[in-house]
Amino acid sequence: MVALSSLGERGIIDRIFSRYVKGQSKDDCAVVPAGRDYLLISTDSLNESGHFPDGTTPEMAGRFFATVNLSDIAAMAGIPLYFVTAYTLREDVDMDYLERFEESMSRQLRRFHTELLGGDLKQGQSNVFSGTIIGRQRKSLTTLRSRIRKGQLVAVTNTLGEQASGYIFYKHGYSRSLGLKLLFSAEPRVKEALKIAEHGAQFMMDLSDGLFSSIAQVKHDYGIGFKIVGDDIPAGKHVDKASFISGLTRTEIACNFGGEYELLFTVPQARYREFAQAMEDEGISVTFIGETWDGDNIIFENGSWRRITQQGYEHFMPKPA
Ligand SMILES: Nc1ncnc2c1ncn2[C@@H]1O[C@H](COP(=O)(O)OP(=O)(O)O)[C@@H](O)[C@H]1O
Ligand SMILES: Cc1ncc(C[n+]2csc(CCOP(=O)(O)OP(=O)(O)O)c2C)c(N)n1
Ligand SMILES: [Mg+2]
């Protein structure tokens, strides 16, 4: 017998994916050729015990549910189009809760011109919200993880670590309300992704699991490593406070938690100038944090390079403190 906890989420997926999924490579969405476009299809679920700490409002939950699904389309630089849901709900859930959840989810979907088509509903032991999203993009603009190469420049959008900071504020009793607000503050970077792709990005993924986990997955799946300059990581404005409260370093908070849904992407060196200028013109906040190579994932911190051993968030594994 092999317990799932002995494999971890990534190990489990490896086994299922290599054996049962044909004609796809691991990415934020499955890609299906449709003329000169790809259809982009992805599914993501949230469950109340793992994702919704006590005090999470239905508005926070519903918006976040739409966000995590939209974000997978964003990660491919896709245009989100259609959404279907499948819920398992406890029988004692209040209809008012569900309506508020739906209202908030729908508002977020509408902001990104995504149409809710239907869903499925079951009674069960605990609440689980699953979504399936469909999008589309021209093949040449679709940012596939497989387009990663060594020697590309690595960048992220906006800042990292605000969700981790929120979790720390909540857990340590510093401020539950600010904590929850930050924990659910993620936005799907759909518009940014499109511009980033139009100006030459190659590889892209969202940071749902955090930077360290994400680059570990890329190294494992595509054999390309990342050299990250610690001082260049754009930590969010609450990270210092969260570091003080928790005793964790800025890097641990910004890179080893997840739930951010910012974009990690690469740009060929030759396009750097034009790309950086275009982002400035478009008003899109991106920060270059290193480059890809064929070695291990390493970070320059406190005057020297070290291998990155932290793996960030992973289901079926012990949770970081
Ligand atoms: N149960 C599963 N069966 C087959 N493939 C899976 C399963 N879970 C995840 N994958 C695949 O593993 C890759 C990474 O998935 P995941 O980490 O869930 O992506 P994301 O962070 O974008 O939601 C994707 O290509 C996805 O299709
Ligand atoms: C109790 C709790 N811990 C952490 C978070 C922040 N968070 C949200 S999603 C996530 C990790 C990734 O979630 P997952 O469901 O694995 O998304 P996927 O990688 O499939 O997109 C984290 C750390 C949270 N919302 N609630
Ligand atoms: Mg997933």
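As annotated in an unreviewed UniProt entry, the protein chain carries the name Thiamine-monophosphate kinase and is attributed to Thermogymnomonas acidicola. What UniProt records for the protein chain under Sequence similarities (unreviewed entry) is the sentence "Belongs to the thiamine-monophosphate kinase family." Per its UniProt entry, the protein chain bears the Function (unreviewed entry) comment "Catalyzes the ATP-dependent phosphorylation of thiamine-monophosphate (TMP) to form thiamine-pyrophosphate (TPP), the active form of vitamin B1."

(A) Representation of the site of ligand 2 in the model. As a structural note, the neighbourhood of ligand 2 is formed by 14 residues, with D44, H51, S208, D209 and H315 the closest of them. Between ligand 2 and D44 there is a distance of 3.2 Å, counted from an oxygen atom to a side-chain nitrogen or oxygen. Here an oxygen atom of ligand 2 sits 2.7 Å away from a polar atom, N or O, in the side chain of H315. Here ligand 2 loses 89% of its free accessible area of 590 Å² to cover by the protein chains. Two domains each put at least three residues into the shell around ligand 2: domain 1 (4-140) and domain 2 (143-307).

(B) Spatial organisation of the packing of aromatic side chains. Counted by the stated rule, this structure contains 18 aromatic pairs. A centroid spacing of 6.1 Å and a plane angle of 55 degrees characterise the contact between F52 and F129, whose relative ring orientation is tilted. In this pair, F52 sits in the loop between α2 (48-51) and α3 (58-74) while F129 sits in strand β5 (residues 128-138), placing the two residues 77 residues apart along the sequence. No difference in accessibility class separates F52 from F129, as the two residues are buried. Consider the rings of F64 and F184, whose centres lie 5.1 Å apart with planes at 80 degrees: the pair is edge-to-face. Placement of F64 in helix α3 and of F184 in the loop between α6 (176-183) and α7 (190-198) is noted, with a sequence separation of 120 residues between them. In this pair, the class of F64 matches that of F184, namely buried. Ring pairs connect the aromatic residues F52, F64, F65, F83, Y87, F101, F129, F184 and Y261, which therefore count as one cluster.

(C) View of α7. Burial in α7 covers these residues: V190, A193, I196 and A197. Here the buried residues of α7 occupy an arc of 125 degrees about the axis, which is enough to place them on one side. A positive phi of about 110 degrees marks G200, the residue just after α7.

(D) Looking closely at the UniProt feature "binding site: ATP" (unreviewed entry) in the protein chain. Summarizing the sequence annotation, UniProt attributes the feature "binding site: ATP" (unreviewed entry) to G119, D120, R145 and S208 in the numbering used throughout. Judged by maximum C-alpha separation, these annotated positions cover 90 residues in sequence and are scattered in space, the widest gap reaching 31.2 Å. By secondary structure assignment, the location of D120 is in strand β4 (residues 115-123). On the accessibility criterion, D120 (37% relative accessible area) is partly exposed.

(E) Region of interest: the pairing of strand β9 (residues 263-268). Taking burial as the measure, the six residues of β9 include five buried ones, the bulk of the element. Looking at chain direction, strand β6 (residues 152-157) and β9 are connected through five bridges and run antiparallel. Within β9, the position partnered with L153 by the bridge is V267.

(F) Representation of the domain arrangement of the protein chain within the structure. Along its sequence, the protein chain is organised into domain 1 (4-140) and domain 2 (143-307). One C-alpha centre belongs to domain 1, the other to domain 2, and the line joining them spans 22 Å. With 35 residues of domain 1 at the interface, the matching set in domain 2 holds 30 residues. A buried area of about 2700 Å², summed over both sides, lies between domain 1 and domain 2, and 55% of it is on carbon and sulfur atoms. The interface formed by domain 1 and domain 2 holds six salt bridges in total. Its salt-bridge partner being E187, residue R111 comes within 3.0 Å of it at the nearest N-O pair. Here domain 1 is connected to domain 2 by 20 residue pairs in polar contact (both at pLDDT 80 or more). Contributions of two or more residues to the side of domain 1 that touches domain 2 are made by α1 (4-20), α3, β3 (79-89) and α4 (95-111). Looking at the side of domain 1 that touches domain 2 element by element, the count peaks at nine residues for α3. Considered class by class, the residues forming the side of domain 1 that touches domain 2 number 15 nonpolar, 10 polar and 10 charged.

Conventions used here
Residues numbered from 1 in each chain as written. Chains lettered and ligands numbered in written order. Predicted model: local features only at pLDDT ≥ 70, side-chain atom pairs only at ≥ 80, totals over all residues. Heavy atoms only, no water. UniProt positions renumbered as here; feature names shortened; annotations may be inferred. Near = heavy atom within 4 Å. Polar contact = N/O pair within 3.5 Å; in protein donor to acceptor, adjacent residues only side chain to side chain. Areas by Shrake-Rupley, 256 points an atom, 1.4 Å probe, with all protein chains shown as cover. Domains from an automatic or database assignment. Phe/Tyr/Trp six-rings, centres within 6.5 Å; stacked < 30°, edge-to-face > 60°. Helix = DSSP H or I, 4+ residues; strand = E, 2+ residues; numbered from the N terminus. Buried < 20%, exposed > 50% of the residue type's maximum accessible area, 1.4 Å probe, protein only. Arc of directions from axis to C-beta. Pairing = 2+ DSSP bridges. Contact = heavy atoms within 4.5 Å. Buried area = accessible area lost by both parts, 1.4 Å probe. Salt bridge = Lys/Arg side-chain N within 4 Å of Asp/Glu carboxyl O. Nonpolar A, V, L, I, M, F, W, Y, C, P; charged D, E, K, R; others polar.

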